[in-house]
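Listed here are the chains, written in short residue letters.
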Amino acid sequence: MEFPDLGQHCWERSCRRLDFLPLKCDACQELFCKDHIIYSRHKCPSAYKKDVQVPVCPLCNTPVPVRKGEAPDVAVGAHMDRDCRQDSAQQKQKIFTNKCFQAGCRKKEMMRLVCDQCHQNFCLHHRHPLDHQCPGRIWPVSKAG
């Protein structure tokens, strides 16, 4: 080998590749090759310090705040022990509550779509008076009809 002092070996035990442009992990500060620089590839023990994700409680489905440097599992466990509201998941307010009055249609919309003629609520598909056989007027609604 011509330059034995150049480069560094990958810190991953299974690899140990001599890399002339090694990359330093910003969490554990070790040197890795391009294949093992990702936290999950080298099983970084300090990844939770840099991996910025908000854990969600599996019981009440609310985000759990995690302090910097704290393991997410510990924070979720503490949340479940102290202030987890499991019943709030069952009492969750429904968003789509406006039911379509068209016979046979089961769609629900987020906002009310009231017909100007019969004053009933319909889904986006049946909102036009010609689409729900509106009994409000006898003459055609459009000028083309």
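Before reading on, note that the structure itself is shown above.
Residues numbered from 1 in each chain as written. Predicted model: local features only at pLDDT ≥ 70, side-chain atom pairs only at ≥ 80, totals over all residues. Heavy atoms only, no water.

Let us look at the overall build of the protein chain. Scanning the protein chain from terminus to terminus reveals three helices and six strands. For the protein chain, the succession of helices and strands along the chain, N to C, is β-β-β-β-α-α-α-β-β. Taking all 145 residues of the protein chain together, the buried fraction comes to 25%. Residue pairs in contact within the protein chain that sit at least 24 positions apart in sequence constitute 13% of those at least 6 positions apart. Total accessible area on the protein chain stands at roughly 11,800 Å², and carbon and sulfur atoms take up 53% of it. (Helix = DSSP H or I, 4+ residues; strand = E, 2+ residues; numbered from the N terminus. Buried < 20%, exposed > 50% of the residue type's maximum accessible area, 1.4 Å probe, protein only. Contact = heavy atoms within 4.5 Å. Areas by Shrake-Rupley, 256 points an atom, 1.4 Å probe, with all protein chains shown as cover.)

What follows covers helix α2 (residues 72–82). Looking only at α2, the buried set comprises A75, V76 and H79. An end-on view of α2 places all buried positions within 95° of arc, on one side of the element. Facing away from the buried side of α2 by over 90 degrees, the exposed positions are D73, V74 and D81. (Arc of directions from axis to C-beta.)

Moving on to the nonpolar core. Grouped together as the largest cluster of nonpolar side chains are eight residues: C10, C25, A27, C28, F32, C33, C44 and A47. Beyond its immediate stretch of four places on either side in the chain, C28 contacts H42, C44 and S46. Core analysis: the second largest hydrophobic core is formed by seven residues, C105, C118, F122 and C123 among them. (Core = buried A, V, L, I, M, F, W, Y, C linked by side-chain atoms within 4.5 Å.)

Mapping H42 onto the fold places it in the loop between β4 (31–32) and α1 (47–50). Separated by 30 residues in sequence, H42 and E12 place their C-alpha atoms 6.2 Å apart. The residues touching H42, leaving out its near neighbours within four places in the chain, are E12, C25, C28, F32, H36 and I37. A polar contact is formed between the side chain of H42 and the backbone oxygen of H36, at a distance of 2.8 Å. (Polar contact = N/O pair within 3.5 Å; in protein donor to acceptor, adjacent residues only side chain to side chain.)

The next subject is the side chain of H79. On the secondary structure map, H79 appears in helix α2. Excluding its chain neighbours within four sequence positions, the residues that come into contact with H79 are C57, C60, T62, V64 and C84.

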